[in-house]
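For reference, the chains in residue letters:
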Amino acid sequence: MSRIDLLLHPIRIRIIMALGGQPLTPGQIAQEISDVPQTSLYRHINALLDGGIIRVVDERPVRGTVEKVYALVEGATRIRADELEVVSDEDHLRYFMVFLSSLLQDFSSYLERHQGETNRMDDSVYAKTVLHLTDDQYHQLTEQFRSLALPHAAAPDEDPTAPPKRRYTFALFSIPED
């Protein structure tokens, strides 16, 4: 299995997103992804572990067994340009569909959790816009976005005096028009 296939799987994307910025036990991951059967969840956690995407950061004794705590390996979820160069058009489309379906699942879950709330869309944004950029401007913009977003992808501050932080999912993709 390629690293891209490992990353771009509907359940594994959800595990990766659950671990975004916070180490979790399998039980905590299961709470975040409650619609996935536990045996399936463990199989996908092990695939991510074997693939070097996640790692064990702690082990705790719990009722006669050892509970592991998992975290993302820094940089392991980023797909490199050289990995994409060998991907067929059909696989690109399949990967994009998995990406889109994960966004649809996230948004659907959000709406379910806030069903009936009149202000549920106050903190949610979805938009599509056209930008007119040179290739250099495009690369600068994507680099600026990375430099703005990546510092916030780290684990939340543990300062008890700091205001509480909420998790937000940001998704970005661009399609050049010829």
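Relevant structure appears above.
Residues numbered from 1 in each chain as written. Predicted model: local features only at pLDDT ≥ 70, side-chain atom pairs only at ≥ 80, totals over all residues. Heavy atoms only, no water.

Enquirer: Any chance you could break down the pairing of strand E1 (residues 54-62) for me, citing the residues and the numbers?
Expert: Regular strands place side chains that alternate from one sheet face to the opposite one. Where E1 meets strand E2 (residues 65-72), eight bridges bridge the pair, whose relative direction is antiparallel. Bridging from a neighbouring strand, Val56 pairs with Tyr70 of E2. The turn linking E1 back onto E2 is made up of two residues, and Arg63 within it adopts a positive phi angle of 45°. (Pairing = 2+ DSSP bridges. Helix = DSSP H or I, 4+ residues; strand = E, 2+ residues; numbered from the N terminus.)

Enquirer: Quick one: what's the story with the pattern of salt bridges, residue by residue and with numbers?
Expert: For the structure shown, the criterion picks out eight salt bridges. The partner of Arg3 in a salt bridge is Glu83, and the shortest N-O contact between them spans 2.7 Å. Highlighted residues: Arg3 in helix H1 (residues 3-7) and Glu83 in helix H5 (residues 81-84), separated in sequence by 80 residues. When its relative accessible area of 11% is taken as the criterion, Glu83 is described as buried. Salt-bridge contacts for Asp5 lead to Arg94; the nearest nitrogen and oxygen are separated by 3.1 Å. Placement of the pair is Asp5 in helix H1 and Arg94 in helix H6 (residues 89-113), with a sequence separation of 89 residues. If you follow the salt bridges from partner to partner, you end up with Arg3, Arg80, Asp82 and Glu83 in one network. (Salt bridge = Lys/Arg side-chain N within 4 Å of Asp/Glu carboxyl O. Buried < 20%, exposed > 50% of the residue type's maximum accessible area, 1.4 Å probe, protein only.)

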